[in-house]
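# Examining the three-dimensional arrangement
Given next are the chains, with one letter for each unit.
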Amino acid sequence: MRKLMAFVAAVVAMGAFAEDWVYPGTKGDTATREVTVPGGWTLSCYATKSGGKLNVNKIVGFPDEPAVLDLSGTFVDSKGAELILGEVWEDASNKISHGGRRRYLLGDQLDSVMNYPFACAILAFVRYGVAERFMEAVVTVCENYPKPALDCLMNHIGTHDTARILSRIADYEIEDKPRRALAKHKIAADELPRACALLKTAATLQYTLPGFPSLYYGDEAGMQGYKDPFNRGCYPWGNEDTELIEYVSELSRVRKSVPNMKDGKIYFMSSEGIADDRLVAFTRTGFTCEKDCLVIINRSGDEVNIQNFSSRFNLFTDFEPLYGKFENDTAVIPPYGYTLVSAKFIK
C-alpha cells in the first residue's frame with residue numbers, strides 16, 4: 001500500500017493533540033498545519049501522534065488535475081503510515097462541486113472520509129423510526145464506496161460542526177431557532193430521559209455499522225449544545241451522565257470482542273425476518289470467524305420479542321446468544337437496546 005499520512009483521529013473532533021509529526025521540511029510540529037501543494041493551493045490539516053484530519057472542504061475548488069489532486073507524498077509521518085481521511089459531508093463517491101465530479105475515492109486522493117451520510121441516517125431513524133429509509137441510506141453508501149474506504153469510515157453522530165447529538169434528537173427544529181434562543185436553551189426535564197435513551201440507540205448503530213466509531217468529546221456524557229459555538233462547551237466534570245458513559249463503554253467492549261465488526265460485510269435482514277419500524281436488523285459477516293453476527297436494535301420504549309427466530313432467519317443455522325437475551329428460539333430486544341446473536345450462514 002502507498003505510504004501516506006496516518007489519518008485516523010481528528011484533533012477537534014476527538015480532543016487529541018499532535019506531537020512527533022514529520023512532514024516535508026518540518027519536524028515536531030503540533031496541531032494545525034498548512035501545506036502548499038502544486039498549483040499554489042493550501043491544505044489545512046489537524047495532526048495527532050496517531051493521525052490527523054484533512055479539511056477537504058478547503059480543497060474542493062481544486063482543478064481536476066492529477067498533479068494537483070494526487071496527495072501521495074504530500075504528507076508523510078516518521079513511520080510511513082498509510083491513511084488519509086477527509087472531511088466530506090456528502091456521498092464522497094459521486095460528489096459534484098465547482099462544476100466537476102470529485103474523485104476522492106478513486107485511489108489517488110483519500111482513503112476514506114468522515115461519515116456524515118451514516119450520521120444523518122442514524123439521526124433520522126431515532127427521530128422518526130422509519131427502518132426502510134435507514135436501510136436504504138446505509139446500503140447506498142455501502143454499495144458506492146470501495147470496501148477499504150468503507151472499513152475506514154469515521155463513524156460519528158456529532159462533531160464540532162454540528163449541534164450536539166442529544167440536542168438534535170430532542171429538538172427537531174433545532175437548526176431554525178435564532179442564535180439568542182439557542183444560547184440558553186436546554187432540553188426540558190420531562191423530555192431528557194427519552195432523548196438519552198434514543199442517544200443509546202444512535203450510539204449502538206454507530207458502533208455496529210461498517211467503519212470505526214468516533215466520539216465527539218462529551219457526547220458520551222450527555223452534553224447538550226446547539227450550533228457553534230454552543231456545541232463546544234467544557235466537558236461536564238462532576239456532572240456527567242454516568243449511565244450513558246457506561247453504556248457507550250460497554251458498546252466499545254462489545255465491538256472489540258466481535259471480530260465481525262472490524263471488516264465484516266453488512267446485509268440487512270429487516271425486510272426478511274422483521275416487519276417492524278421499531279427495529280433494525282442486519283448481519284455482519286465473518287471473515288476471521290466461521291459465524292456471522294446478527295444485530296437487532298430497538299429504537300422504541302417497548303420490549304420486543306422475536307419468536308420463531310430460526311424460521312424468520314432461515315438463511316442461518318446454529319444460533320447462539322452473543323449479547324442480550326436469546327433462548328427457546330426467541331430473541332428479546334430491550335427498550336432502546338440491542339441483542340446480538342451469532343449464526344452460521346447456510347451456503
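To start, this report covers the structure provided alongside it.

Criteria and thresholds
Residues numbered from 1 in each chain as written. Predicted model: local features only at pLDDT ≥ 70, side-chain atom pairs only at ≥ 80, totals over all residues. Heavy atoms only, no water. Helix = DSSP H or I, 4+ residues; strand = E, 2+ residues; numbered from the N terminus. Buried < 20%, exposed > 50% of the residue type's maximum accessible area, 1.4 Å probe, protein only. Contact = heavy atoms within 4.5 Å. Areas by Shrake-Rupley, 256 points an atom, 1.4 Å probe, with all protein chains shown as cover. 1 Å grid on protein atoms, 1.4 Å probe; cavity = no way out; pocket = protein on both sides within 12 Å on 5 of 7 lines; lining within 4 Å. Points joined across faces, edges and corners; volume = space filled by probe spheres on them. Nonpolar A, V, L, I, M, F, W, Y, C, P; charged D, E, K, R; others polar. Pairing = 2+ DSSP bridges. Axes fitted to C-alpha atoms, helices over the stretch in contact; angles between N-to-C directions. Salt bridge = Lys/Arg side-chain N within 4 Å of Asp/Glu carboxyl O. Expected span 1.5 Å × (residues − 1). Arc of directions from axis to C-beta. Polar contact = N/O pair within 3.5 Å; in protein donor to acceptor, adjacent residues only side chain to side chain.

The helix and strand inventory of the protein chain stands at twelve helices and 19 strands. Burial status across the protein chain gives 53% buried among its 347 residues. Sequence separation of 24 or more characterises 69% of the internal contacts of the protein chain that already satisfy a separation of 6 or more. Carbon and sulfur atoms make up 52% of the accessible area of the protein chain, which totals about 16,000 Å².

On to empty space enclosed by the protein. Inspection of the entire model under this criterion finds two cavities of 30 Å³ or more. Space inside the largest cavity adds up to approximately 50 Å³. If you trace the largest cavity, you find it lined by Ile 157, Leu 199, Ala 203, Gln 206, Leu 215, Asp 219, Glu 220 and Val 248. The leading source of residues in the lining of the largest cavity is helix 8 (residues 192–208), at three residues. Within the lining of the largest cavity, the residues separate by chemical class into five nonpolar, one polar and two charged. Volume-wise, the second largest cavity comes out at about 40 Å³. Forming the walls of the second largest cavity are Thr 204, Tyr 207, Thr 208, Leu 251, Val 254, Arg 255, Met 261, Tyr 338 and Leu 340.

Counted residue by residue, strand 13 (residues 279–284) has six buried out of six residues, so it is predominantly covered. The side-chain alternation of strand 13 yields two buried faces, one formed by Leu 279, Ala 281 and Thr 283 and the other by Val 280, Phe 282 and Arg 284. By the bridge criterion, six bridges tie strand 13 to strand 14 (residues 292–298) in an arrangement that is antiparallel. Bridge pairing in strand 14 places Arg 284 opposite Cys 293.

This part takes up the layout of surface pockets. Taken as a whole, the largest pocket encloses approximately 270 Å³ of empty space. As for the largest pocket, its lining consists of 14 residues, and the residues nearest its centre are Thr 285, Asp 292, Phe 316, Phe 345 and Lys 347. Classifying every residue of the lining of the largest pocket gives six nonpolar, three polar and five charged.

Our next topic: the sheet that holds strand 19 (residues 338–345). Taken together, the five strands give an open sheet; going across it, the order is 12-13-14-19-16, and neighbouring strands pair in antiparallel fashion. Only two strands of the sheet have a single neighbouring strand rather than two, namely strand 12 (266–268) and strand 16 (316–323). Ignoring strand direction, the axes of neighbouring strands in this sheet form an average angle of 25 degrees. Sheet analysis places strand 14 next to strand 19, joined by six bridges and oriented antiparallel. Considered in strand 19, the bridge of Val 295 is made with Leu 340. Across the sheet, helix 4 (residues 131–144) touches strand 12 and strand 13, and the angle it forms with strand 12 is around 150 degrees.

Overall, the coordinates contain twelve salt bridges when judged by the stated rule. Of the charged contacts, one joins Glu 250 and Arg 253 as a salt bridge, the two residues approaching to 2.9 Å between their closest N and O atoms. Of this pair, Glu 250 and Arg 253 both sit in helix 9 (residues 242–257), three residues apart, which is roughly one turn of the helix. Take Glu 250: its relative accessible area is 29%, and that puts it in the partly exposed class. A residue is classified by how much of its surface remains accessible, and Arg 253, at 42% relative accessible area, is partly exposed. Of the charged contacts in the structure, one is a salt bridge between Glu 327 and Lys 325, with a shortest N-O distance of 3.8 Å. One connected set of salt bridges, linked through shared partners, spans Glu 246, Glu 250 and Arg 253.

Within strand 19, six of the eight residues are buried, which leaves the element mostly enclosed by the surrounding structure. One ladder, built from five bridges, connects strand 16 with strand 19; its direction is antiparallel. Each bridged residue has a counterpart across the sheet, and for Phe 316 the counterpart in strand 19 is Phe 345.

This part takes up helix 9. For the α-helix, the turn length of 3.6 residues means that residues three or four positions removed from each other point alike. Its 16 residues place the ends of helix 9 23 Å apart at the C-alpha level, agreeing with the 22 Å of an ideal helix rising 1.5 Å per residue. Among the residues of helix 9, Leu 244, Tyr 247, Val 248, Leu 251, Val 254 and Arg 255 are the ones counted as buried. In a view along the axis of helix 9, the buried residues occupy a sector of 115 degrees, so they form one face of it. Exposed and oriented more than 90 degrees from the buried face of helix 9 are Thr 242 and Lys 256. Packing partners of the buried residues in helix 9 comprise helix 8, strand 11 (212–213), helix 10 (260–263), strand 16 and strand 19. The backbone nitrogen of Glu 243 has a side-chain oxygen 3.2 Å away, supplied by the residue at the start of helix 9, namely Asp 241.

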